[in-house]
Amino acid sequence: MFAYPPVGFHFLVTFELFPQTPNDFRFQEVTGLEMTMEMEPFAEGGQNRFTWELPVKAQYSDLVLKRGMFIGSGILMWCKNAFENFVFEPVNILIALLNDQHVPIQAWYVVNAIPKKWTVSAFDATKSSVVVESITLSYQYFNIISVDSLLSASGSLSGSISI
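Note that residues are indexed from 1 along each chain, following the sequence as it is written. Owing to the predicted nature of the model, reporting of local features is limited to residues with pLDDT of at least 70; listing and counting of side-chain atom pairs is limited to 80 or more, with chain, interface and lining totals taken over all residues. To get the side-chain values, take all heavy atoms of the structure and skip hydrogens and water.

Chemist: Looking at this model, I keep getting lost on helix H1 (residues 74–85). Mind explaining?
Modeler: Side chains three or four residues apart in an α-helix point the same way, a direct result of the helix having 3.6 residues per turn. In this text, helices come from DSSP runs of H or I with a minimum length of four residues, and strands from runs of E with a minimum of two, each type numbered from the N-terminal end. Multiplying one less than the number of residues by 1.5 Å gives the expected span of a helix. For H1, spanning 12 residues, the distance from its first C-alpha to its last is 16 Å, which sits close to the expected 16 Å at 1.5 Å a residue. Burial here depends on accessible area, computed with a 1.4 Å probe over protein chains only, as a share of the maximum for the residue type. Under 20% is buried, over 50% is exposed, and the range in between is partly exposed. Within H1, the full set of buried residues consists of Gly74, Ile75, Trp78, Cys79 and Ala82. Seen end-on, H1 carries its buried residues on one side only, within an arc spanning 145 degrees. For H1, the elements touching its buried residues are strand S1 (11–15), strand S5 (63–68), strand S6 (91–98), strand S7 (104–120) and strand S8 (132–138). A side-chain oxygen of the first residue of H1 lies 3.2 Å from the backbone nitrogen of Ile75; this N-cap is Ser73. Of the residues trailing H1, Phe86 is marked for its positive phi of about 55 degrees. Taking the helix axis as origin, the arc is that swept by the directions to the C-beta atoms. The contact criterion used throughout is that any non-hydrogen atoms of two residues lie within 4.5 Å. We define a polar contact as two N or O atoms separated by no more than 3.5 Å, with the added condition that, inside protein, one atom must be a possible hydrogen donor and the other a possible acceptor, whereas residues neighbouring each other in sequence contribute only through side-chain atom pairs.

Printed below as a string of structure tokens:
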């Protein structure tokens, strides 16, 4: 059977934050799931043709979430508390890519995210467009969760447990 790559328009964003409204799960765009390895150059004595590059640490870019602006959002209250009161409460976020049956096929678990920037799109009387808010988050790292491996692991565990 031939498998196509998944589409990027069907996804779910879940904050481990309370209280939330049903609109707090709806986003139109997620960017910034990116990791790079910081490298340190190392010159070996007697070797003039190249310099070794040794891995130092992983670096993660900022996570940017965009959606239509909702009044009374729990996420917006969380951001407002950070910016206005300087109370930063790190939150974990689960971003799941869904298939056509709305079942997660892969997920990213973002650890200790805090708001870094909040913007609202321009107001333009000549256009009939939705007001879009953009939330930029800083975080420590993310884990990639393969749902297939979770399903197979749970299947093997349930198969080995007898009651």
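The discussion continues.
Chemist: What should I look at first to understand the environment of Phe25 in this one?
Modeler: Take Phe25: it is sitting in the loop between S1 and strand S2 (29–31). For the pair Phe25 and Val13, spaced 12 residues apart in sequence, the C-alpha to C-alpha distance is 5.4 Å. If sequence neighbours within four positions are ignored, Phe25 has contacts with Leu12, Val13, Thr14 and Gln20.

Chemist: Explain unusual backbone geometry here, please?
Modeler: A negative phi angle is the norm for most residues apart from glycine, just as the trans form is the norm for most peptide bonds. Phi at Phe86 is positive, roughly 55 degrees, even though this residue is not glycine. The backbone of His102 sits at a positive phi, close to 65 degrees, despite the residue not being glycine. In this fold, His102 is placed in the loop between S6 and S7. Since its relative accessible area comes to 55%, His102 is described here as exposed.

Chemist: Please clarify how the nonpolar core should be interpreted in this entry.
Modeler: Side chains of nonpolar character tend, in soluble globular proteins, to be buried together. One finds Val13, Phe15, Leu63, Trp78, Ile93, Val110 and Leu137 to be the most contacted residues of the largest nonpolar core, which totals 21 residues. When contributions to this core are tallied by element, the ones reaching two or more residues are S1, S5, H1, S6, S7 and S8. It is S6 that provides the largest number of residues to this core, a total of four residues. Apart from residues lying up to four places away in sequence, Trp78 is in contact with Phe15, Leu17, Glu89, Val91, Ala113, Ile114, Pro115 and Leu137. As used here, the term nonpolar core means buried Ala, Val, Leu, Ile, Met, Phe, Trp, Tyr and Cys residues forming a set that is joined through side-chain atoms within 4.5 Å.

Chemist: What exactly am I supposed to notice about the side chain of Ser73 here?
Modeler: Mapping Ser73 onto the fold places it in the loop between S5 and H1. Only 2.4 Å separates the side chain of Ser73 from the side chain of Asp24, close enough to count as a polar contact. Look past the residues within four positions of Ser73 in its chain and what remains in contact with it is Thr21, Asp24 and Arg67.

Chemist: Explain the pattern of salt bridges here, please?
Modeler: Oppositely charged side chains can pair when the atoms bearing their charge come close. When a carboxyl oxygen of Asp or Glu is within 4 Å of a side-chain nitrogen of Lys or Arg, the pair counts as a salt bridge. A full pass over the atoms with the stated rule returns three salt bridges. Arg67 is paired through a salt bridge with Asp24; the nearest N and O atoms lie 3.4 Å apart. Of this pair, Arg67 sits in strand S5 while Asp24 sits in the loop between S1 and S2, placing them 43 residues apart in sequence. Here Arg67 and Asp24 have matching classes, each one buried. Residues Glu133 and Arg67 are paired through a salt bridge, measuring 2.6 Å at the closest nitrogen-oxygen approach. On the criterion of sequence distance, the pair formed by Glu133 in strand S8 and Arg67 in strand S5 is long-range, its members being 66 residues apart. One exposure class covers both Glu133 and Arg67, and it is buried. The network of salt bridges with common partners includes Asp24, Arg67 and Glu133.

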